[in-house]
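Now for the letters of each chain:
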Amino acid sequence: MEGDSVSLNSDLTEMLDDDQILWRFGDENTLIAAIDVLADSMTVYDDVPDGRFRDRLKLDDQTGSLTITNTTTEHTGDYKLQMSSVIKSFSLTVYARLPVPVIISNSSHCSSSSSNCSLVCSSVLNVCDATLSWYAGISVLSSISVCDLSISLSLPLEVEYQDKNTYSCVLNNPISNQTTHLDINTLCHTCAEVHCCGSTEAVIRLVVSAVVGVATVILLVYDIRSTRGGD
Ligand SMILES: *[C@@H]1O[C@H](CO)[C@@H](O)[C@H](O)[C@H]1NC(C)=O
Ligand SMILES: *[C@@H]1O[C@H](CO)[C@@H](O)[C@H](O)[C@H]1NC(C)=O
């Protein structure tokens, strides 16, 4: 993982007098370290190819093993140990430390027509090899995985307000994960707590108007009749 040290072992117990050991990196086979036993010299070329190895390379003078300290994801790649007759290859993958995913609610407005709460889990990454997933208990509900630079991953989830499941959003790569648990009570507000009965209110107004109208007519008729009766 990013920040760790890694040793690429030569598997030699000792170096012979005429040994020359070369460490190369990447597709270009860039020479990054060399040991010449006869000349009693050890050299690290840590400014090539671009400074990513600067102050991070250590050679073991007994075995010729190479250690990379404080690794970054840029140290991912192929390494070769070249000796007089042998070439050893190493494939190194350095994984980024994952950020904690964030859950937000899309249902900020209470809607009397919907019994579901819309949620989104998201995370900003600058590496490949990471997957964002929604879990209900220990079952995966959905997953998304994108390999791009500084991509924002987001994954939606619809839950019912009264849902009693335990939901969590997990960001993981092959060696680690970060988990955020969903707190439905905090993120999803039910309609009952909010005064929002738009259509019911309209019906009540209609009924009240009708009752008042009918009463007015009855009163009017009664009034006319009593006026005539008083003649
Ligand atoms: C490790 O490398 C990072 C840059 O990638 C640097 O900021 C940090 O200071 C380094 N840590 C150590 C202990 O050298
Ligand atoms: C997350 O990692 C822990 C160990 O660090 C592991 O026990 C757990 O099962 C992992 N969770 C998932 C969902 O991968």
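The preceding data block contains the structure.
Residues numbered from 1 in each chain as written. Chains lettered and ligands numbered in written order. Predicted model: local features only at pLDDT ≥ 70, side-chain atom pairs only at ≥ 80, totals over all residues. Heavy atoms only, no water.

Enquirer: Help me get a handle on the site of ligand 2, residues and values and all.
Expert: In the neighbourhood of ligand 2, the contacting residues comprise Y135, V170 and N177. Within the side chain of N177, an N or O atom sits 2.2 Å from an oxygen atom of ligand 2. Within the complex, 31% of the 360 Å² of free accessible area of ligand 2 lies under protein. (Near = heavy atom within 4 Å. Polar contact = N/O pair within 3.5 Å; in protein donor to acceptor, adjacent residues only side chain to side chain. Areas by Shrake-Rupley, 256 points an atom, 1.4 Å probe, with all protein chains shown as cover.)

Enquirer: Let's hear about the pattern of salt bridges: which residues, and what values?
Expert: Under the counting rule described, the total for this entry stands at 4 salt bridges. When the shortest N-O distance is used, the salt bridge between K88 and D11 registers 2.7 Å. Placement of K88 in strand β8 (residues 87–92) and of D11 in the loop between β1 (6–8) and β2 (20–25) is noted, with a sequence separation of 77 residues between them. For K88, a relative accessible area of 23% corresponds to the partly exposed category. Salt-bridge contacts for D47 lead to R54; the nearest nitrogen and oxygen are separated by 2.7 Å. (Salt bridge = Lys/Arg side-chain N within 4 Å of Asp/Glu carboxyl O. Helix = DSSP H or I, 4+ residues; strand = E, 2+ residues; numbered from the N terminus. Buried < 20%, exposed > 50% of the residue type's maximum accessible area, 1.4 Å probe, protein only.)

Enquirer: An account of the pairing of strand β11 (residues 131–136) is requested, with residue identities and associated values reported.
Expert: When β11 meets strand β12 (residues 139–145), the two strands line up antiparallel, connected through 6 bridges. Residue pairing for β12: T131 is matched across the bridge by S145. Counting the residues between successive antiparallel strands, the hairpin from β11 to β12 contains 2 residues, one of them, G137, with a positive phi of roughly 65°. The pairing of β11 with strand β14 (residues 167–173) spans 6 bridges and is classified as antiparallel. Opposite A136, over in β14, you have Y167 as the bridge partner. (Pairing = 2+ DSSP bridges.)

Enquirer: Describe the environment of L153, naming the residues involved and giving the relevant values.
Expert: Of note, L153 is situated in strand β13 (residues 151–160). Expressed as a C-alpha distance, the spacing of L153 and A130, which sit 23 residues apart in the sequence, is 9.7 Å.

Enquirer: Please set out the packing of aromatic side chains residue by residue, giving values where relevant.
Expert: Applying the stated criterion to the full structure yields 4 aromatic pairs. An angle of 45° between the planes, with centres 4.8 Å apart, marks the rings of F25 and Y79 as tilted. Note that F25 is positioned in strand β2 and Y79 in strand β7 (residues 77–82), a separation of 54 residues in sequence. Under the relative-accessibility criterion, Y79 is labelled buried at 0%. Ring geometry for F53 versus Y79: centroids 6.2 Å apart, planes at 80°, classification edge-to-face. With F53 in the loop between β4 (41–44) and β5 (57–59) and Y79 in strand β7, this residue pair connects regions lying 26 residues apart in the sequence. Taken individually, F53 and Y79 each receive the classification buried, so the pair is uniform in this respect. Ring-pair connections join several aromatic residues into one group, and the members of that group are F25, F53 and Y79. (Phe/Tyr/Trp six-rings, centres within 6.5 Å; stacked < 30°, edge-to-face > 60°.)

Enquirer: Describe the nonpolar core, with residues and values.
Expert: Buried together is how nonpolar side chains tend to be arranged in soluble globular proteins. Formed by 21 residues in total, the largest nonpolar core has its most connected members in L119, W134, V159, Y167 and L182. Among the elements of the structure, β10 (116–125), β11, β13 and β14 are those that each provide at least two residues to this core. Excluding residues that lie within four positions of it along the chain, Y167 makes contacts with W134, Y135, A136, L141, L157, V159, H181, L182 and I184. Listed in part, the 19 residues of the second largest apolar core include F53, L57, Y79 and F90. (Core = buried A, V, L, I, M, F, W, Y, C linked by side-chain atoms within 4.5 Å. Contact = heavy atoms within 4.5 Å.)

Enquirer: Residues and numbers for the site of ligand 1, please.
Expert: Inspection of the region around ligand 1 gives R56, N70 and T72 as its neighbouring residues. At 2.8 Å from an oxygen atom of ligand 1 is found a side-chain nitrogen or oxygen belonging to R56. Between ligand 1 and the protein, one listed contact pairs an oxygen atom with a side-chain N or O atom of N70 at 2.3 Å.

Enquirer: Just give me the short version of the state of the cysteines, but keep the residues and values in it.
Expert: Tallied over the full model, the rule gives 2 disulfides. There is a disulfide in this structure between C117 and C188, and the S-S distance comes to 1.9 Å. In this structure, the disulfide formed by C117 and C188 twists by about -80° around the S-S bond and is classed as left-handed. Taken together, the residues span a long stretch of sequence, with C117 in strand β10 and C188 in the loop between α1 (184–187) and α2 (198–229) at a distance of 71 residues. The pair formed by C117 and C188 is uniform in burial state, with each residue classed as buried. Note on cysteine connectivity: C121 is disulfide-linked to C169, with sulfurs 1.9 Å apart. Classification of the bridge connecting C121 and C169 rests on its S-S torsion, roughly -90°, and on that basis the disulfide is left-handed. Of the two residues, C121 is situated in strand β10 and C169 in strand β14; the sequence distance between them amounts to 48 residues. (Disulfide = S-S within 2.5 Å.)

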